[in-house]
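What follows is each chain in one-letter form.
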Amino acid sequence: MSTPEKKEKVVSIRFRESELSNLDEQADAVNLSRSAYITRKLQGLPVLPSRVPGVNWNIYRQLGEISTQLSALGNNINQMAKVLNSANQQGQPLPSNLNNVDDLTEAFALIEQLKPTLKQIRLELSGVESNES
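Residues numbered from 1 in each chain as written. Predicted model: local features only at pLDDT ≥ 70, side-chain atom pairs only at ≥ 80, totals over all residues. Heavy atoms only, no water.

Student: Teacher, can you tell me more about the environment of Leu 123 here?
Tutor: With respect to the helices and strands, Leu 123 occurs in helix H4 (residues 101-125). Residues Leu 123 and Tyr 60, spaced 63 residues apart in sequence, show a C-alpha to C-alpha distance of 8.7 Å. (Helix = DSSP H or I, 4+ residues; strand = E, 2+ residues; numbered from the N terminus.)

Given below as structure tokens:
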């Protein structure tokens, strides 16, 4: 495996302040340094906008983790409701702190309602428009 060629050569280019400012804005919009942006443009390589702005990655990941945890919690509640419902049908008493199996079913339904909202928030943070309304 060959080692990559080092960037040792420097080329000076003169810009007006307004041009440089515009160039920096364009580079920032795609999360590239000025040098990387100019290099890609000059070589004719694609310069694509970043799908998720860098400042939103942390929130985006946290919402993904919350969504995963809600799914797991919803599955656990659904399993508990099935077990308790089965016990109730067999005439076994429910635990004293649970008035009704419907309490678990309602909690599961609320979690399921939250999941699309979290997905929509994640899409909006990433700059993707959703067709769901």
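Student: What should I look at first to understand the confidence of the model for the protein chain in this one?
Tutor: Regions with low pLDDT carry predicted coordinates that are not meant to be interpreted in detail. Confidence along the protein chain averages 79 in pLDDT terms, with 81% of residues attaining 70 or more. Mean pLDDT values over the elements of the protein chain span from 77, in H4, up to 93, in helix H1 (residues 17-29). (pLDDT = per-residue confidence, 0-100.)

Student: How do you make sense of the pattern of salt bridges when you look at a structure like this?
Tutor: Between side chains of opposite charge, a pair can form when the charged atoms approach closely. This structure, assessed with the given rule, holds three salt bridges. Between Arg 16 and Glu 19 there is a salt bridge, with its nearest N and O atoms 3.0 Å apart. You can call Glu 19 partly exposed: its relative accessible area is 34%. One salt bridge connects Arg 34 with Asp 24, and the closest N-O pair in it is separated by 2.7 Å. Taken as a pair, Arg 34 in helix H2 (residues 34-42) and Asp 24 in helix H1 lie far apart in primary sequence, ten residues in all. Given a relative accessible area of 23%, Asp 24 falls into the partly exposed group. (Salt bridge = Lys/Arg side-chain N within 4 Å of Asp/Glu carboxyl O. Buried < 20%, exposed > 50% of the residue type's maximum accessible area, 1.4 Å probe, protein only.)

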